[in-house]
Amino acid sequence: MNKSSLDPVSVRAHDLRVTRGRVQVLKGLDFTVRRGGVTGLLGPSGCGKTTLMRAIAGIQARATGTLEVLGRPAGSPALRPLIGYVTQAPSVYLDLTVRQNLEYYAAVLGVPRADPAMGAPPWGHLPAARLGAVSRGRVDAALADVDLTSHAGALAADLSGGQRSRASLAVALLGSPELLVLDEPTVGLDPVLRRGLWELFHRLAGQHGVTLLISSHVMDEADRCERLLLMRAGRLLADGTPAELRRRTGADTVEEAFLRLVDDADDADDAGDADDSAARAGESV
Amino acid sequence: MNAVLSPARSLATARRVLRQLAHDPRTLALLLLVPVGLLVLLYYVFDADRTSFDAIGSSLLGIFPMVTMFLVTSIATLRERTSGTLERLMTMPLGKADLVAGYALAFGAFAVLQATLATGVALWLLGLDIAGSPWLLLLVALLNALLGTALGLFVSAFAASEFQAVQFMPAVIFPQLLLCGLFAPRDSMQPVLEAVSHVLPMSYSVDGMTQVLRHQDITGDYVRDVVVVAGSALAVLALGAATLRRRTD
Ligand SMILES: Nc1ncnc2c1ncn2[C@@H]1O[C@H](COP(=O)(O)OP(=O)(O)OP(=O)(O)O)[C@@H](O)[C@H]1O
Ligand SMILES: [Mg+2]
């Protein structure tokens, strides 16, 4: 057992700041992501979710402060085999078939190409896959997990948007990551598929001890997470279990809780801005 | 830069690049047939002057692989940068050297095919008359392809779009074409240009082809040419690897 598997925290950020272009996109984040389980990263479009995930994956330039991932500074080479990062836009080769994509990424990750002994990943398959034909190798298993077995031979360019993002997700299931960072993995998928994927995410977390950090702006997915990080405009708005957040705000749903927190934050901002705008109004009149 | 090269990951990358190419039969056909077509064209352009056909034809056999591989590689790596696949690879245990080596292997292998076909047609169908061995021509052609791949990789770092990438071709390749000795002997050029031509790798590839055209045996100049072209290709490949950034804005 390595050090990281004993640490109760997978990601630890302190005063994390990121500048992109001329704008400070992350304005001093402090949070931890617990080891194991599914943590949701929620916030409006443009608030910095992708930027934060890129920082955790170690590919975001101009990040300051502390960001520790699995006990090491983010971006350490030793972390590369341990993190699976799924980008928001599907990152697969459009001029390869789904299977060829997975075979390439599997080779990069050092996963043996076809090992019957590894027919199923340690966490088992989606129910649909278990019923299907006997699958061989991690590639087949990953295809089954995202329900793309029937499209394995199709060019990625010929897939629908949702199919393509599932192909991109399948890549992250190939290796044996300790941390999965998934940027809006369920956007544009139908409810049945979404339920299947959330079951898979929980199985990864529960049976295999994988930590999942999943971003979304679909609030009804928040209740599927064990813990939530709510972001707004580059800052952390709140952090806790869905139940805690509802209780703290007196709201019935996480969506409502989020909206109340946003309104409170807006009010606080407005109070700060009021003097400025009064001064500006005075000038212009 | 990641100094360790993983043969398995480099080979997997080469295989992936070739598979991508295989899904694009039109590009494949163009890459293989355009050089042959141009040689045939040249043959009839110099209908009454076979010596010129020999001289220019043998030089072109070296220039084709460099130009085509330059274009193909710069577009391919630009796509890799813009499609998010490079971003994703950079989160994985893939060394930058693995990626660069993969591209070089794939396009190098493809260039062997392209150059073999073009050289075969030139020598046996069009009667291109060389004193030396066709293998020596092929070696220079292969090294030129690697140089083209290396330059393509390198410039793609400075291109934000396909439009820009294509414009690098006249910017990077044409000056070398003008100065390589194909249009005018290098020692007859304005002295500054002549000096410049001494540091441009294409001058050495064209000279290498000319050595094979004129001499039956391997000459000292040929060896020097091969070393210079191979050395430039390796140096530019290393530069290309250095332009790959794991962390981006
Ligand atoms: N390459 C870039 N250069 C400059 N600014 C950028 C760049 N990428 C993103 N930004 C800015 O950073 C901010 C945060 O972007 P980010 O992609 O992290 O948001 P997000 O929370 O993931 O949004 P969404 O839910 O729409 O995906 C945005 O205001 C965006 O305009
Ligand atoms: Mg985003």
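Residues numbered from 1 in each chain as written. Chains lettered and ligands numbered in written order. Predicted model: local features only at pLDDT ≥ 70, side-chain atom pairs only at ≥ 80, totals over all residues. Heavy atoms only, no water.

This part covers the overall build of chain A. From N to C terminus, chain A includes 9 helices and 10 strands. Per-residue burial over chain A gives 52% buried out of 285 residues. Across chain A, the fraction of contacts at a sequence separation of at least 24, relative to all contacts at a separation of at least 6, is 66%. Accessible surface, chain A as shown: approximately 12,400 Å² in total, 52% of it carbon and sulfur. (Helix = DSSP H or I, 4+ residues; strand = E, 2+ residues; numbered from the N terminus. Buried < 20%, exposed > 50% of the residue type's maximum accessible area, 1.4 Å probe, protein only. Contact = heavy atoms within 4.5 Å. Areas by Shrake-Rupley, 256 points an atom, 1.4 Å probe, with all protein chains shown as cover.)

Time to look at the sheet that holds strand β1 (residues 9-20) of chain A. Residues and elements named next belong to chain A. Spatially, β2-β1-β4-β5 is the arrangement adopted by the 4 strands of the open sheet, whose pairing is antiparallel. In the strand order of this sheet, the two ends are held by β2 (23-34) and β5 (72-73), each with one partner. Pairing between β1 and β2: 9 bridges, direction antiparallel. Along β2, the bridge assignment pairs Ala13 with Phe31. (Pairing = 2+ DSSP bridges.)

So, on to the site of ligand 1. Among the 15 residues in the neighbourhood of ligand 1, the closest are listed as Ser45, Gly46, Lys49, Thr50 and Thr51 of chain A. Taken together, the residues near ligand 1 originate from chains A and B. The contact in question runs from an oxygen atom of ligand 1 to an N or O atom on the side chain of Thr50 of chain A, over 2.6 Å. Interatomic distance of 3.3 Å between a side-chain N/O atom of Glu184 of chain A and an oxygen atom of ligand 1. The fraction of the free accessible surface of ligand 1 (640 Å²) that becomes covered by protein chains is 64%. (Near = heavy atom within 4 Å. Polar contact = N/O pair within 3.5 Å; in protein donor to acceptor, adjacent residues only side chain to side chain.)

On average, residues of chain B carry a pLDDT of 93, and 99% of them reach 70 or more. This complex was scored by the predictor with a pTM of 0.89 and an ipTM of 0.92. (pLDDT = per-residue confidence, 0-100.)

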